[in-house]
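Examining the three-dimensional arrangement
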Amino acid sequence: MKILICSLLLMVAGVTTSFGQAKPQDFTGAKAALKNYKALYVLNSGDEKKMAGTLRNMKNALEDPRLKGKLELELIAFGDGVAVYAQNGIFEKTLRELQARGVILAQCENTLRERHIEKSTLFDFISYVPSGNGEIIIRAYQGWAVVHP
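Residues numbered from 1 in each chain as written. Predicted model: local features only at pLDDT ≥ 70, side-chain atom pairs only at ≥ 80, totals over all residues. Heavy atoms only, no water.

Helices and strands together make up the secondary structure of the chain, namely five helices and five strands. Counting every position in the chain, which comprises 149 residues, the buried fraction comes to 34%. Sequence separation of at least 24 residues holds for 71% of the intrachain contacts in the chain that already meet a minimum separation of 6. As displayed, the chain has an accessible area near 9800 Å², and 58% of this comes from carbon and sulfur atoms. (Helix = DSSP H or I, 4+ residues; strand = E, 2+ residues; numbered from the N terminus. Buried < 20%, exposed > 50% of the residue type's maximum accessible area, 1.4 Å probe, protein only. Contact = heavy atoms within 4.5 Å. Areas by Shrake-Rupley, 256 points an atom, 1.4 Å probe, with all protein chains shown as cover.)

In structure tokens form, the structure reads like this:
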């Protein structure tokens, strides 16, 4: 009986190690096997660190060698996130760089109406959607990854 139990334990140990995780140095991440990828970045925070981090995350995604030439991005700002598009803010250069790389920059019109914000106070190179939540819902159903850093 002891021999049977020991044999079973050895077999289980062998199976477990063969299905074990790869060594960290061997792991290279997911493979980008599709022809294209789409991601919607959601920004509803007015915190400058959060805004800067979101824009940096988008730049990093565009630089990922697995996704180069395969990635379509959109940034949807609503609520306090409207600050990212304010002309008196600090993000114009970064936003223009992202847009030059094909990133769609969109602002929720509900936010503008509810907060009495004039479009003339925002950058003139951004686009508008009726609602940020509507954009998230539609993009999600279109198969876009929704990223909320």
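The discussion continues.
So, on to the nonpolar core. Leu-75, Val-84, Tyr-85 and Leu-95 are the most contacted members of the largest nonpolar core, which totals 27 residues. Those elements giving two or more residues to this core turn out to be strand S1 (37–43), helix H2 (48–63), strand S2 (71–77) and helix H3 (92–100). The element contributing the most residues to this core is H2, with five residues. By size, the runner-up hydrophobic cluster in this structure holds nine residues, among which are Val-42, Ile-76, Phe-78 and Ala-106. (Core = buried A, V, L, I, M, F, W, Y, C linked by side-chain atoms within 4.5 Å.)

When the charged atoms of two side chains lie near each other, side chains of opposite charge can form a pair. With the rule as written, the count across this model stands at 11 salt bridges. Across the pair Lys-38 and Glu-72 runs a salt bridge, and its minimum N-O distance is 3.9 Å. With Lys-38 in strand S1 and Glu-72 in strand S2, this pair connects stretches of sequence that are 34 residues apart. Residues joined in a network through salt bridges with shared partners are Lys-59, Lys-93 and Glu-97. (Salt bridge = Lys/Arg side-chain N within 4 Å of Asp/Glu carboxyl O.)

Another aspect to go through is the packing of H2 against H3. Following both chains from N to C, one finds H2 and H3 inclined at 30 degrees, their axes separated by 11 Å at the closest point. In terms of axis orientation, H2 runs roughly parallel to H3. Here H2 runs over H3; the crossing is left-handed. Contacts between H2 and H3 involve Leu-55, Met-58, Lys-59 and Leu-62 from the first element and Thr-94, Leu-95, Glu-97 and Leu-98 from the second. Among the residues forming the contact of H2 with H3, the class breakdown is five nonpolar, one polar and two charged. (Axes fitted to C-alpha atoms, helices over the stretch in contact; angles between N-to-C directions. Parallel < 35°, antiparallel > 145°, perpendicular 65-115°, else oblique. Left-handed = near helix turned anticlockwise from the far one by under 90°. Nonpolar A, V, L, I, M, F, W, Y, C, P; charged D, E, K, R; others polar.)

The next thing to look at is the side chain of Glu-74. Within the fold, Glu-74 resides in strand S2. For Glu-74, a relative accessible area of 0% corresponds to the buried category. Beyond its immediate stretch of four places on either side in the chain, Glu-74 contacts Ala-39, Leu-40, Tyr-41, Met-58, Val-103, Ile-104, Ala-106, Glu-135, Arg-139 and Trp-144.

Next up on the list: unusual backbone geometry. Even without being a glycine, His-116 presents a positive backbone phi close to 55 degrees. Position of His-116 among the secondary structure elements: in the loop between helix H4 (109–115) and strand S4 (127–129). On the accessibility criterion, His-116 (69% relative accessible area) is exposed.

With that settled, consider the environment of Pro-65. With respect to the secondary-structure elements, Pro-65 resides in the loop between H2 and S2. Residue Pro-65 is classed as exposed on the basis of its relative accessible area, which comes to 69%. Residues Pro-65 and Ala-32, 33 residues apart in the sequence, show an inter-C-alpha distance of 9.5 Å.

Another aspect to go through is the packing of aromatic side chains. What characterises a pair of aromatic rings is the spacing of the ring centres plus the angle enclosed by the ring planes. Here the structure, examined in full by the defined rule, presents one aromatic pair. The ring of Tyr-128 carries the charged tip of Lys-119 above its face, separated from the ring centre by 4.2 Å. For Arg-139, the ring lying beneath its charged end belongs to Trp-144, and the centroid distance is 4.1 Å. (Phe/Tyr/Trp six-rings, centres within 6.5 Å; stacked < 30°, edge-to-face > 60°. Lys NZ or Arg CZ within 6 Å of the ring centre and 35° of its normal.)

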